[in-house]
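# Examination of the molecular architecture
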Amino acid sequence: SAEATSEEDRKMIHSLIEKMPGGFNAMNTFVQKTICSALEASHLHFENTFKDLVRDLAKGISIEPSSSSANPAILTSKPHQMGCGKTATN
């Protein structure tokens, strides 16, 4: 629920919305669809950027045998998950 900075503004906004075809239901539907579309666009952009980053990082990884078993898994010669079911050796 949105709030106005003054009671006068709230009344004016409510009056304008009530005069619109569909009133508050139409306004709420419009706001929900607009937010949903923005979230979907953000999600798609994030997924594409993430895939590009994983691809670019995977290209630059060269795995060399390690004699130390004390290294974290990401620093050893063992394949590790890179995302999307791929391993560093793929």
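Above this text you will find the structure in question.
To keep things clear, this report deals only with the structure shown in the data block. Please read all numbers here as calculations on a predicted model, not as lab measurements.

Using the criterion set out here, one finds three salt bridges in the structure. Arginine 55 is the partner of aspartate 52 in a salt bridge, and the nearest nitrogen-oxygen pair spans 3.0 Å. Of this pair, aspartate 52 and arginine 55 both sit in helix α2 (residues 23-59), three residues apart, which is roughly one turn of the helix. Between arginine 55 and aspartate 56 there is a salt bridge; the shortest N-O distance is 3.1 Å. With a relative accessible area of 41%, arginine 55 lands in the partly exposed category.

It is worth spelling out the packing of aromatic side chains at this point. Evaluation of the coordinates by the stated rule reveals one aromatic pair. Judged by centre distance (6.1 Å) and plane angle (20 degrees), the ring pair of phenylalanine 46 and phenylalanine 50 falls under stacked. Of this pair, phenylalanine 46 and phenylalanine 50 both sit in helix α2, separated by four residues, roughly a single helical turn. What makes phenylalanine 46 exposed here is its relative accessible area of 51%.

This part covers a nonpolar patch on the surface. A contiguous nonpolar patch, built from Phe30, Val31, Ile35 and Leu39 and spanning about 400 Å² of accessible area, is present on the exposed surface. Note on placement: phenylalanine 30 falls in helix α2. On the basis of relative accessibility, which here comes to 54%, the residue phenylalanine 30 falls in the exposed class.

Parameters and conventions
- Residues numbered from 1 in each chain as written.
- Predicted model: local features only at pLDDT ≥ 70, side-chain atom pairs only at ≥ 80, totals over all residues.
- Heavy atoms only, no water.
- Salt bridge = Lys/Arg side-chain N within 4 Å of Asp/Glu carboxyl O.
- Helix = DSSP H or I, 4+ residues; strand = E, 2+ residues; numbered from the N terminus.
- Buried < 20%, exposed > 50% of the residue type's maximum accessible area, 1.4 Å probe, protein only.
- Phe/Tyr/Trp six-rings, centres within 6.5 Å; stacked < 30°, edge-to-face > 60°.
- Patch = residues over 30% accessible without salt bridge, like charges linked within 9 Å, V, L, I, M, F, W, Y side chains within 5 Å.
- Areas by Shrake-Rupley, 256 points an atom, 1.4 Å probe, with all protein chains shown as cover.

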